[in-house]
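Now for the letters of each chain:
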Amino acid sequence: MNIQMNTASNTMGELQKKIDLIGNNIANVNTTGYKRQEASFSDALVQSIEKQVGPQNEVGRNTPFGLRIGAGAILSQTATRNEQGSIRQTDRPLDFMIQGESAYFRIASEDNTFFTKDGSFQVQPVPNSNQVSLVTANGDAVLAANNQPIVFDADYKDIQLNGNGTLEISYQDPTKQPTEIQLGIAQINRTDSLEKIGGNRFQLTGTEAEQLANGNLQFIDLSQQRDGTIGVKQGALEMSNVELADEMTELISTQRLFQSQGRAISYADDMMGLVNTIKG
């Protein structure tokens, strides 16, 4: 295989990864709380050939000596864009939206803590009890500010979310004292440190104690917020931040690049066939 075919085939493989990434963004255009991903490319290994047969003939040359032969492009980085998505009003009592690009709901599954922007919660009975727990659509427990799952009596009547992040649960029996629970909200100061793990969930590398110590992770008490950069809203959801028109434009552009690399392989094959004919 000659250099041109090798370079083009390598680039086509990496462009296919970007097409898959764009396709995933488009598929999640209506997914609650989804954050789009972007691909970045860099040059693959470059071979430099520097055999100057006549240095005296290179006087006045402005370009570097030798010949540099590339091996195509590689997908160097996949970045998650954390811009706030659009608001969809649902008026459903268990739909919560968190405002602020760096703010996330804290959830737990199998003794592991995760973070999510998807606030479409529901209640689930607690086995062998007369209580229910607040969970995500995947069944993960929603955590309170005390790092414990949010649990309350099953005979609840209404759930209200206050602006300070407090859930106020009233009951069918008017003489029963309402339950107040503070939502567990985290602020991630370096959102590029979040890793997608599926199911609209993110996790941080390292332990929670390490992230708290280095200042990347903070637990937020909305009652102490003064600047209003982080807030919660009931009866609304944050939708995906994918712009369909932008993704389709990027898809068309990437497909054209993919096709150009395919044509490069075809041209190289035609040239090899021509060379074989001349030799014959």
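Residues numbered from 1 in each chain as written. Predicted model: local features only at pLDDT ≥ 70, side-chain atom pairs only at ≥ 80, totals over all residues. Heavy atoms only, no water.

Colleague: Please clarify how the environment of Thr-116 should be interpreted in this entry.
Modeller: Within the secondary structure, Thr-116 is located in strand β8 (residues 112-116). What makes Thr-116 buried here is its relative accessible area of 2%. With near-sequence residues (within four places) excluded, Thr-116 lies in contact with Tyr-104, Phe-105, Ile-107 and Asn-200. (Helix = DSSP H or I, 4+ residues; strand = E, 2+ residues; numbered from the N terminus. Buried < 20%, exposed > 50% of the residue type's maximum accessible area, 1.4 Å probe, protein only. Contact = heavy atoms within 4.5 Å.)

Colleague: So what exactly am I meant to see when it comes to the pairing of strand β17 (residues 194-198) here?
Modeller: Every other side chain in a regular strand lies on the same face of the sheet, so the side chains alternate between the two faces. Relative to strand β18 (residues 201-204), β17 is paired through four bridges, and the arrangement is antiparallel. Looking at the pairing, Lys-196 lines up with Phe-202 of β18. Linking β17 to β18, which pair antiparallel, is a turn of two residues; within it Gly-199 sits at a positive phi near 65°. (Pairing = 2+ DSSP bridges.)

Colleague: Which parts of the structure should I look at to understand the sheet that holds strand β15 (residues 179-182)?
Modeller: Think of a sheet as strands paired side by side through backbone hydrogen bonds, with each pair either parallel or antiparallel. Reading across from one edge, β13-β14-β15 is the order of the three strands in this open sheet, with antiparallel pairing throughout. The strands lining the two open edges of the sheet, one partner per strand, are β13 (156-161) and β15. In this sheet, adjacent strand axes meet at a mean angle of 20° when their direction is disregarded. Alignment of β13 against strand β14 (residues 166-171), held across five bridges, turns out to be antiparallel. Residue pairing for β14: Ile-159 is matched across the bridge by Ile-169. (Axes fitted to C-alpha atoms, helices over the stretch in contact; angles between N-to-C directions.)

Colleague: Can you help me understand the UniProt feature "domain: Flagellar basal-body/hook protein C-terminal" (unreviewed entry) in the protein in this one?
Modeller: The positions UniProt marks with the feature "domain: Flagellar basal-body/hook protein C-terminal" (unreviewed entry) are residues 233-277. Along residues 233-277 one finds 76% helix and 11% strand; the C-alpha atoms at either end are 73 Å apart. (UniProt positions renumbered as here; feature names shortened; annotations may be inferred.)

Colleague: Would you mind going over unusual backbone geometry with me for this structure?
Modeller: If a residue is not glycine, its phi is most likely negative; likewise, a peptide bond is most likely trans. For Glu-110, which is not a glycine, the phi torsion comes out positive at approximately 55°. With a phi angle near 65°, Asp-111 is a residue other than glycine that sits in the positive phi range. Residue position: Asp-111 is located in the loop between β7 (103-109) and β8. Using a relative accessible area of 82% as the deciding quantity, one classes Asp-111 as exposed.

Colleague: Which parts of the structure should I look at to understand helix α1 (residues 3-27)?
Modeller: Owing to its 3.6 residues per turn, the α-helix brings residues three or four apart onto one side. Helix length check: α1, at 25 residues, gives a terminal C-alpha distance of 36 Å against a target of 36 Å (1.5 Å per residue), a fit within 8%. Among the residues of α1, Met-5, Thr-7, Ala-8, Thr-11, Met-12, Glu-14, Leu-15, Lys-18, Ile-19, Leu-21, Ile-22 and Asn-25 are the ones counted as buried. (Expected span 1.5 Å × (residues − 1).)

Colleague: What should I look at first to understand the side chain of Thr-166 in this one?
Modeller: Tracing the chain through its elements places Thr-166 in strand β14. For Thr-166, the side chain forms a polar contact with the side chain of Gln-182, separated by 2.7 Å. Sequence-distant contacts of Thr-166, that is, excluding residues within four places in its chain, are made with Gln-160, Leu-161, Glu-180, Ile-181 and Gln-182. (Polar contact = N/O pair within 3.5 Å; in protein donor to acceptor, adjacent residues only side chain to side chain.)

Colleague: How do you make sense of the packing of aromatic side chains when you look at a structure like this?
Modeller: The way to describe two aromatic rings as a pair is by their centre distance and the angle between their planes. With the rule as written, the count across this model stands at four aromatic pairs. For the ring pair Phe-96 and Phe-121, a centre distance of 5.7 Å and an interplane angle of 80° mean the geometry is edge-to-face. Pair noted here: Phe-96 is in strand β6 (residues 96-99) and Phe-121 is in the loop between β8 and β9 (122-125), with a separation of 25 residues, a long-range link. Ring centres 5.7 Å apart and planes at 65° place the aromatic pair Tyr-104 and Phe-202 in the edge-to-face group. You can see Tyr-104 sitting in strand β7 and its partner Phe-202 sitting in strand β18, a full 98 residues away along the chain. The class of Tyr-104 is buried, set by a relative accessible area of 0%. We classify Phe-202 as buried; its relative accessible area is 3%. (Phe/Tyr/Trp six-rings, centres within 6.5 Å; stacked < 30°, edge-to-face > 60°.)

Colleague: Teacher, can you tell me more about the environment of Thr-175 here?
Modeller: Structurally, Thr-175 is set in the loop between β14 and β15. Residue classification places Thr-175 among the exposed residues on the basis of a relative accessible area of 68%.

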